[in-house]
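What the coordinates show
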Amino acid sequence: MYRETLNALGIGRESGKVTNADDFLGSTGSPHVIQDIASNSHDDLQSLRMARFIAKHQFEIASLPAEHAYIAWAVGMAMLIASLYIQARIAEFCLLLVALGSSILSRNANMKMRPVDWSVLSISAVEVISIFYSQYSANSIRSAWLVVCAILIYYLIRINIRTATQVALLSTLLGIAAVGLSFYGLRLFTVNARLLGAAGFSQLVPFRSRLISPPSSWLPGEWFTVLLMGLPFSFAILVRYLIDKKKRQIVVATLPTLVVTLTLLLSLSRAVFWSLVLFFSLACALLILYRLVPPRTSALLVGIVFTALLVIVSSESIIYPGLYRAYIRQDISQTRSTAGRFGIWNRAFALVGTHPFVGIGSGNTALALLSTTDQEDTAGFASRAFSLPVQVVVENGMFGCILYSTFLILIFTEFTYFMRRPHIQSEPSIRPAKLKNNCMEIGIRSRYLQSQKAMACCFMAGLVCILFRELTYSSLFEHSLTLILFVTLAALAWSPLGAECESP
Amino acid sequence: MRVPMKWVVIAFAIVALGFQFFIANFNAADDDLKAFYLDVLSANFSDACGNINSAIRLWPSNGRYYGWRAYCVSQELPSQCLRHSARKSGLSDQARAIAEAALKDYRRDLELNGRDAVAYHDRAWIEHLLGDDVAADKDWREATTVDPGNAMFHLSYGMWLEESRDLQAAKAQYQVAIEISPAILDSPFFSQYRNRSPEAADSITRQAALMMEEKLHQGKDPVWEARLGKLYHSRGDLPRARQLLEDASQQLPNLPLVWLNLGEIHEGQGDSAQAMACYRKALAVDASIAEAYLDIGELELQRGQKKEAAQDLQMAIQKWQRVNPITAAHNNRLYAGPRQMIDDLLPTTLVWYTTPCQASRAWQGLSRLFPGKQQYANRSQMCEQVPSPHLFGGLK
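Residues numbered from 1 in each chain as written. Chains lettered and ligands numbered in written order. Predicted model: local features only at pLDDT ≥ 70, side-chain atom pairs only at ≥ 80, totals over all residues. Heavy atoms only, no water.

Helix and strand counts for chain A come out as 21 helices and two strands. A buried classification covers 60% of the 504 residues belonging to chain A. In chain A, the proportion of contacts linking residues at least 24 apart, taken out of those at least 6 apart, comes to 80%. For chain A, the exposed surface amounts to about 20300 Å²; the carbon and sulfur share of it is 65%. (Helix = DSSP H or I, 4+ residues; strand = E, 2+ residues; numbered from the N terminus. Buried < 20%, exposed > 50% of the residue type's maximum accessible area, 1.4 Å probe, protein only. Contact = heavy atoms within 4.5 Å. Areas by Shrake-Rupley, 256 points an atom, 1.4 Å probe, with all protein chains shown as cover.)

Another point: empty space enclosed by the protein. Residue and element names in this part refer to chain B. Overall, the coordinates contain nine cavities of 30 Å³ or more when judged by the stated rule. The wall of the largest cavity is formed by 13 residues, among which Gly 67, Asp 109, Asp 116, Val 118 and Asp 344 lie closest to the centre. At the level of secondary structure, the elements contributing two or more residues to the lining of the largest cavity comprise α3 (63-73), α4 (93-112) and α5 (117-130). Element by element, the count of residues in the lining of the largest cavity is highest for α3, at four residues. Considered class by class, the residues forming the lining of the largest cavity number six nonpolar, two polar and five charged. (1 Å grid on protein atoms, 1.4 Å probe; cavity = no way out; pocket = protein on both sides within 12 Å on 5 of 7 lines; lining within 4 Å. Points joined across faces, edges and corners; volume = space filled by probe spheres on them. Nonpolar A, V, L, I, M, F, W, Y, C, P; charged D, E, K, R; others polar.)

Taken together, the contact between chain A and chain B spans 64 residues of the former and 62 residues of the latter. Of the roughly 5600 Å² buried between chain A and chain B, counting both surfaces, carbon and sulfur atoms make up 65%. Counting the contacts that link chain A with chain B gives four salt bridges. Salt-bridge contacts for Arg 333 of chain B lead to Glu 222 of chain A; the nearest nitrogen and oxygen are separated by 3.9 Å. Taken together, the links from chain A to chain B amount to 14 residue pairs in polar contact (both at pLDDT 80 or more). Mapped by element, the contributors of at least two residues to the side of chain A that touches chain B are α6 (89-105), α7 (115-133), α8 (137-160), α16 (332-354) and α17 (365-369) of chain A. Looking at the side of chain A that touches chain B, its residues break down into 34 nonpolar, 17 polar and 13 charged. (Buried area = accessible area lost by both parts, 1.4 Å probe. Salt bridge = Lys/Arg side-chain N within 4 Å of Asp/Glu carboxyl O. Polar contact = N/O pair within 3.5 Å; in protein donor to acceptor, adjacent residues only side chain to side chain.)

Moving on: helix α11 (residues 222-235) of chain B. Helical geometry note: an α-helix holds 3.6 residues per turn, so side chains three or four residues apart project in the same direction. Helix length check: α11 of chain B, at 14 residues, gives a terminal C-alpha distance of 20 Å against a target of 20 Å (1.5 Å per residue), a fit within 8%. Among the 14 residues of α11 of chain B, 12 are classified as buried, and the element is accordingly described as predominantly covered. Along α11 of chain B, the residues that are buried comprise Pro 222, Val 223, Trp 224, Glu 225, Ala 226, Arg 227, Leu 228, Gly 229, Lys 230, Leu 231, Tyr 232 and His 233 of chain B. Those residues of α11 of chain B hidden inside the fold are in contact with α16 of chain A together with α8 (167-180), α10 (198-218), α12 (238-251) and α13 (256-268) of chain B. Among the residues of α11 of chain B, the N-terminal cap falls to Asp 221 of chain B, whose side-chain oxygen and the backbone nitrogen of Val 223 of chain B are separated by 2.8 Å. Phi turns positive one or two residues past the end of α11 of chain B, at Gly 236 of chain B, with a value near 90°. (Expected span 1.5 Å × (residues − 1).)

Looking now at the nonpolar core. Residues Tyr 155 of chain A together with Phe 36 and Ile 126 of chain B are the most contacted members of the largest nonpolar core, which totals 281 residues. The element that contributes the greatest number of residues to this core is α8 of chain A, accounting for 17 residues. Look past the residues within four positions of Tyr 155 of chain A in its chain and what remains in contact with it is Met 113, Asp 117, Val 120 and Leu 121 of chain A together with Met 5, Val 8 and Val 9 of chain B. Within the second largest apolar cluster, 15 residues are counted, among which are Trp 345, Ala 348, Leu 351 and Ala 368 of chain A. (Core = buried A, V, L, I, M, F, W, Y, C linked by side-chain atoms within 4.5 Å.)

Counted under the stated rule, the structure contains 41 aromatic pairs over all chains. Centre to centre, the rings of Phe 189 of chain A and Tyr 320 of chain A are 4.8 Å apart; their planes meet at 80°, and the pair counts as edge-to-face. Taken together, the residues span a long stretch of sequence, with Phe 189 of chain A in helix α9 (residues 164-198) and Tyr 320 of chain A in the loop between α14 (295-319) and α15 (325-328) at a distance of 131 residues. As far as burial versus exposure is concerned, Phe 189 of chain A and Tyr 320 of chain A are alike and both buried. Between Phe 370 of chain B and Tyr 376 of chain B, the aromatic rings sit 5.9 Å apart at their centres with planes inclined by 55°, giving tilted as the arrangement. The class of Tyr 376 of chain B is buried, set by a relative accessible area of 8%. One aromatic cluster is present, built from ring pairs that chain together Trp 145 of chain A together with Phe 19, Phe 22, Phe 26, Trp 59 and Tyr 65 of chain B. Lys 6 of chain B extends its terminal NZ or CZ atom over the ring of Trp 7 of chain B, reaching a point 5.5 Å from the ring centre. We note Lys 281 of chain B situated over the ring of Phe 201 of chain A; from NZ or CZ to the ring centre the distance is 5.4 Å. (Phe/Tyr/Trp six-rings, centres within 6.5 Å; stacked < 30°, edge-to-face > 60°. Lys NZ or Arg CZ within 6 Å of the ring centre and 35° of its normal.)

Structure follows, in structure tokens:
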């Protein structure tokens, strides 16, 4: 088929720099190879013919037999990320080997670095350098290693998770892991709530930090951050099937989102609750904004999502009376929690004044806050900054703050840029396009699957909701898993969208 | 120029691999630290010191390891100050050498981490043992400045001040400690302090109560109410104590000691059913409170529930023996690395001396249940036998 195609398109040795037909036939016939040929061709007419060829065939990469090998990347990535939950040291070493291997072996690794990729590299440089001026380098070494691992995952995602099917598979596996965590949390909540009830306690809100007690190296707040980051992955699968109108799969795909949401609503944390609301609101808003769902479906989606939230909270409040109070009223413990946070932030900002430009070194906030406490303060020991922006400013100074902010802004920029590209619905259609990057140069109009864009909307919404949550809690840098899930969301929010447009 | 990602990632991964080999030693050092904790828990100090030496070799820039090595070798030092002891010979040459080595390690620890409050405290103790009181005073003060919220440092400093005859300054430190943690009133330290200085002890509780009342006038705070309730309880003002503790329990029902103290008040007022309910609530919130088991066991003993009483009294002893390390709670958040399983305060008896001790009453209860078992009777004065880190000379 490919030889005939080459003949039809007039591609051969006489075309100049084009690779020869044997090379082409020996390849997997992936669209990347076809793009290679097109980009190397100096014949505009040939490029246009190639563009029409690509446009004619809907490039669902996984449908090509040889591309199934790439699916293994999605499975491998999911396993690697999951192994970091138990903080297996071997996982970090495997991560390095996988990064090296994929860089050497993968054709995708030939893509060009984008500004956001450089931004991520600059963050790692700052974190490593901070070890040398850190107030306590033993803490900063561990933080720097954490960031290095996260950045490796980011590049691995960029290189290896390119297609809608890979994204869907990775999301499915991470979503399933989130469901597993949810069942674990539900069981603990039930047991502990029953114990408290048997002891005569009717209010659960003051005991919210004891109801779900994760394994020893995890705090409840950090555990909920992990679960919150599992939500975009499970919701993305639901949205994908919604877009592709696969009714049976929609029903099945609803369950993980439901279970994760149910557990998150048992956190009795206002920040988690409002992050949840923000996630669903933003995900639906982005789907509507980029016209990924018809108006009627979008209205139905919004209605169903918020009705479901209401029903879940109501049901949980029936089983555990007073639960809803955690979200609509201020319990005294919550008032104290808020006041304590403001106290810690004030103390942290005072620290910033002493090291404004480069900070005190990663991982040292609690150590630095220790002596700033007033012995008459009853809010308790400041074990962290309780706000990610505050933590970044204290530990990395204004310079680090600018770098991290730049990274986030570039992620949002890339997302917006690629989301504005047209997408394929059920039938490909060729329309003239005004493109401003390599796609224009090679004359190939970029196309994205609608469902791929929809999933990206979910990941972007997830990213925003986590950042919202981290305004009042700082857990991303506490464990490798939290940071890695964050960069996974960041990479998936835009990188696969750019897959078709990035030429070698 | 657009650089291919491939080369960037390869370079980054190679650098990361190098970094990983660099920190591989650090991971091995942390493994040695974990082994050190386990050895200390089983009182195997020779192996413990070997493990921490190995950790230092692997990670020489980790300040905490020096602190732990100093702690390890300091086990050979006397756990009581010899200043007013009948033993006038002072430290032996060997003990002196050990103290000097420990000092050197603490110095290195503080060079690497100037915010190690435990290191300041422990160095103060060793300097005091060696007779350098000026340096000791400075370090004790530094410990209370670096971590002002730690009652133990204030108590330790206060005990040294008292030994040095600076009674007013000692009293001030004791008062701060009690304001932070009124549970100290139930400790062997305070009961002995009350014996030798009853007016001072009374003055401390009175002043602390006044300060807390003032705080409450400025604004309602359930934690201050809980602390004040405990103070009034210790002073015998049960109605006021009960009012404060009930108010605190309604606002913050997740404070386990509030329920414990409320239970003791109900018991003191003759309402054993309500007392039992409060003790059970305390345990539902925090199952590690030894005193709750003790109080339940004593109530069960009164009711003739011998089997249940024996179980709860034994639980009280177990929980007291495995009391959560005081410094570990902070250190696990301050320092990345393995979870700290032991206390790192010197002298080693300091924690037992300054925290509530339930063991004596528990052994006494078991002795009444099993009069034939002599070992219970032999241990019935365990709390009273916990040595004070300082001997207070001619002080009453």
